[in-house]
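Single-letter residue listing:
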Amino acid sequence: MNKRFFNTTRIILLSFLAVILLGSLLLSLPVSTQSGEGVPYVDALFTATTATCVTGLVTVPTFSTWSIFGQVVILVLIQVGGLGVITVMTGFMLALKKRMGLSDRLLIQDAFNLNTLSGLAAFVKKVILGTLLVECAGALLYMCVFIPEYGAAGIWYGVFHSVSAFCNAGIDLLSENSLSAYACNPLVNFTTSALVILGGLGFVVWWDLLRVLKEFPKKKFRTFRFLTLHSKIALTLTAVLLFGGTAAFLLLEYNNPGTMGNLSLFGKLQTAFFQSMTTRTAGFFTLPQQELTDASAVLSVVLMFIGGSPVGTAGGVKTVTLAVLLAATVSTVKNKDHTALFGRRISTDSLRKAVGVVCISFAVLLTATVALSAVTEAAFLDVLYETASAIGTVGLTRNLTPFLNTAGKMIIICSMYLGRVGHISLALAFNRKKYNENIVKEPTEDISVG
């Protein structure tokens, strides 16, 4: 196998692991907790993992367990995990005016799954600057709500929740019920949704949209036409899943007194949209997840498995992957010899990669679900919800996480780690050229499928 492939992959995987272990050590210190007595190491490790993997599942209440020092550690882990360890390291290197070597460029290329080595320094700078600008804007909007309610502490709450939302972490400092108290607050709903969606769309889509708007100022109503195929797919699937999910949750939960049944129509629309948005790897919630109907819970699992878009802060198998598989299915039904989207053919390598990512992700989900079912007596739907949330780096739970035993916590820790770095390593594995083009190929034989 290619030596460079193993080196870059190992660095990316181990960098996340190193940050998690360092964060767990800091969070296990007595100074990290409000009580000053520390927490069991498994809970510190769980919290460090959920923050670095931008998931949001917690075994201990964030708002009442961690001191300001502990909260700062968690915030740093979220930011590093959301941007990616390699991106943060490269940003520091560029800030110190150090030049990027070939190995550094290869790491950035692999971390973002890009197809070129050119312009990577500028790309990293734009990613970091764009992230900080969006997070600052989100923090200011949050402060408009939190400062009048919490005083000076509202400034910290605004910053923390803005970073947590943009990085799709979903960890909050307000209560055990996340943003339920703001279920019908338009400003909190808008700010959270905007940050989560922007983070989930991916940085590549950002720059593509800005490029088109800059190059075609007189054709803004035809912007979509000039976008790259990747951006068209990401934007289209994101819109379909967001609004389709909103309609489905509104229908399924409309009369459910445990969720939105007692809200006004506008409140129901807000909570339905928020549920559709947050299941795409955000982790915040305004509806009690354990009160959802079984149909809504299953729909949430599907959305969590899909996740956001590539080269962003979201998890899941990604929208573009789903689009490729759906297009391939349609092509098969129509008996076409190729797969196309928006008038462009999809390469065989992209199709193979999509199949591989989905199949292996499903296998990991199945394995984690069976393992967690073996060590807990919780209902199957609650277990499936938990594992899908962990692997999709979502952070939603049907009130199972706080009651996990040590074995269950370790299973979810491994699931969160695989969910954050597994898709990166899969992308690298399937994005390589054949290692030997001159090998003797196996003979072809038809088989019965379906």
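How each quantity is defined
- Residues numbered from 1 in each chain as written.
- Predicted model: local features only at pLDDT ≥ 70, side-chain atom pairs only at ≥ 80, totals over all residues.
- Heavy atoms only, no water.
- Helix = DSSP H or I, 4+ residues; strand = E, 2+ residues; numbered from the N terminus.
- Contact = heavy atoms within 4.5 Å.
- Areas by Shrake-Rupley, 256 points an atom, 1.4 Å probe, with all protein chains shown as cover.
- Buried < 20%, exposed > 50% of the residue type's maximum accessible area, 1.4 Å probe, protein only.
- Salt bridge = Lys/Arg side-chain N within 4 Å of Asp/Glu carboxyl O.
- pLDDT = per-residue confidence, 0-100.
- Core = buried A, V, L, I, M, F, W, Y, C linked by side-chain atoms within 4.5 Å.
- Axes fitted to C-alpha atoms, helices over the stretch in contact; angles between N-to-C directions.
- Parallel < 35°, antiparallel > 145°, perpendicular 65-115°, else oblique.
- Nonpolar A, V, L, I, M, F, W, Y, C, P; charged D, E, K, R; others polar.
- Phe/Tyr/Trp six-rings, centres within 6.5 Å; stacked < 30°, edge-to-face > 60°.
- Lys NZ or Arg CZ within 6 Å of the ring centre and 35° of its normal.

The subject of this paragraph is the overall build of the protein chain. When helices and strands are tallied, the protein chain shows 17 helices and two strands. Of the contacts made within the protein chain by residues no fewer than 6 positions apart, 69% connect residues no fewer than 24 positions apart. Here the protein chain has roughly 21000 Å² of accessible surface; of this, 66% comes from carbon and sulfur atoms.

Right, let's talk about the environment of Ala-137 for a bit. With respect to the element layout, Ala-137 can be found in helix 7 (residues 120-150). Overall, Ala-137 belongs to the partly exposed group, its relative accessible area being 41%. Along the primary structure Ala-137 and Thr-191 are separated by 54 residues, whereas in three dimensions their C-alpha atoms are 9.1 Å apart.

On to the pattern of salt bridges. If you walk through the whole model with that rule in mind, you get four salt bridges. Residue Arg-211 pairs with Asp-208 through a salt bridge whose shortest N-O separation is 2.6 Å. Of this pair, Arg-211 and Asp-208 both sit in helix 10 (residues 203-215), three residues apart, which is roughly one turn of the helix. Salt-bridge contacts for Arg-398 lead to Asp-382; the nearest nitrogen and oxygen are separated by 2.6 Å. Of the two residues, Arg-398 is situated in the loop between helix 16 (380-391) and helix 17 (406-430) and Asp-382 in helix 16; the sequence distance between them amounts to 16 residues. On the accessibility criterion, Arg-398 (10% relative accessible area) is buried.

Let us look at the confidence of the model for the protein chain. Averaged over all residues, the pLDDT of the protein chain is 85; the fraction at 70 or higher stands at 82%. Ignoring residues within four places in sequence, the model shows residues 1-6, a span with pLDDT below 50, making nine contacts including any to other chains.

Bringing the nonpolar core into the picture now. Membership of the largest hydrophobic core comes to 64 residues, with the highest contact counts inside it found for Leu-27, Ile-74, Ile-78, Phe-203, Ile-412 and Met-416. A per-element tally of this core places helix 4 (residues 68-83) first, with seven residues. Excluding residues that lie within four positions of it along the chain, Ile-78 makes contacts with Ala-51, Val-54, Phe-160, Val-163, Ser-164, Cys-167, Ala-169 and Ile-171. One finds Ala-234, Leu-241, Leu-287 and Val-320 within the second-largest nonpolar core, a separate group that totals 19 residues.

Close contact between helix 8 (residues 153-166) and helix 9 (residues 186-201) brings their axes to 7 Å; oriented N to C, the two are set at 40°. Relative to helix 9, the element helix 8 lies oblique. Where helix 8 approaches helix 9, its residues Ser-162, Ala-165 and Phe-166 are matched on the opposing element by Thr-192, Leu-195, Val-196, Leu-198 and Gly-199. Residue classes in the contact of helix 8 with helix 9 are distributed as five nonpolar, three polar and no charged.

Right, let's get into unusual backbone geometry. Of note, the phi angle at Thr-281 is positive, near 100°, even though the residue is not glycine. Mapped onto the elements, Thr-281 comes out in the loop between helix 12 (265-278) and helix 13 (294-306). With a phi close to 60°, Asn-399 is a non-glycine residue in the positive phi region. Position of Asn-399 among the secondary structure elements: in the loop between helix 16 and helix 17. Using a relative accessible area of 40% as the deciding quantity, one classes Asn-399 as partly exposed.

Within the structure shown, the criterion is met by nine aromatic pairs. With 5.0 Å between their ring centres and 80° between their planes, Tyr-150 and Tyr-157 make a pair best called edge-to-face. Overall, the relative accessible area of 32% leaves Tyr-150 in the partly exposed class. Through a chain of ring-to-ring contacts, the aromatic side chains of Tyr-142, Phe-146, Tyr-150, Tyr-157 and Tyr-182 assemble into a single cluster. Above the ring of Tyr-254, the side-chain terminus of Lys-268 is found at 3.5 Å from the ring centroid. When the ring centre of Tyr-385 is taken as origin, the NZ or CZ atom of Arg-398, which lies over that ring, is 5.9 Å away.

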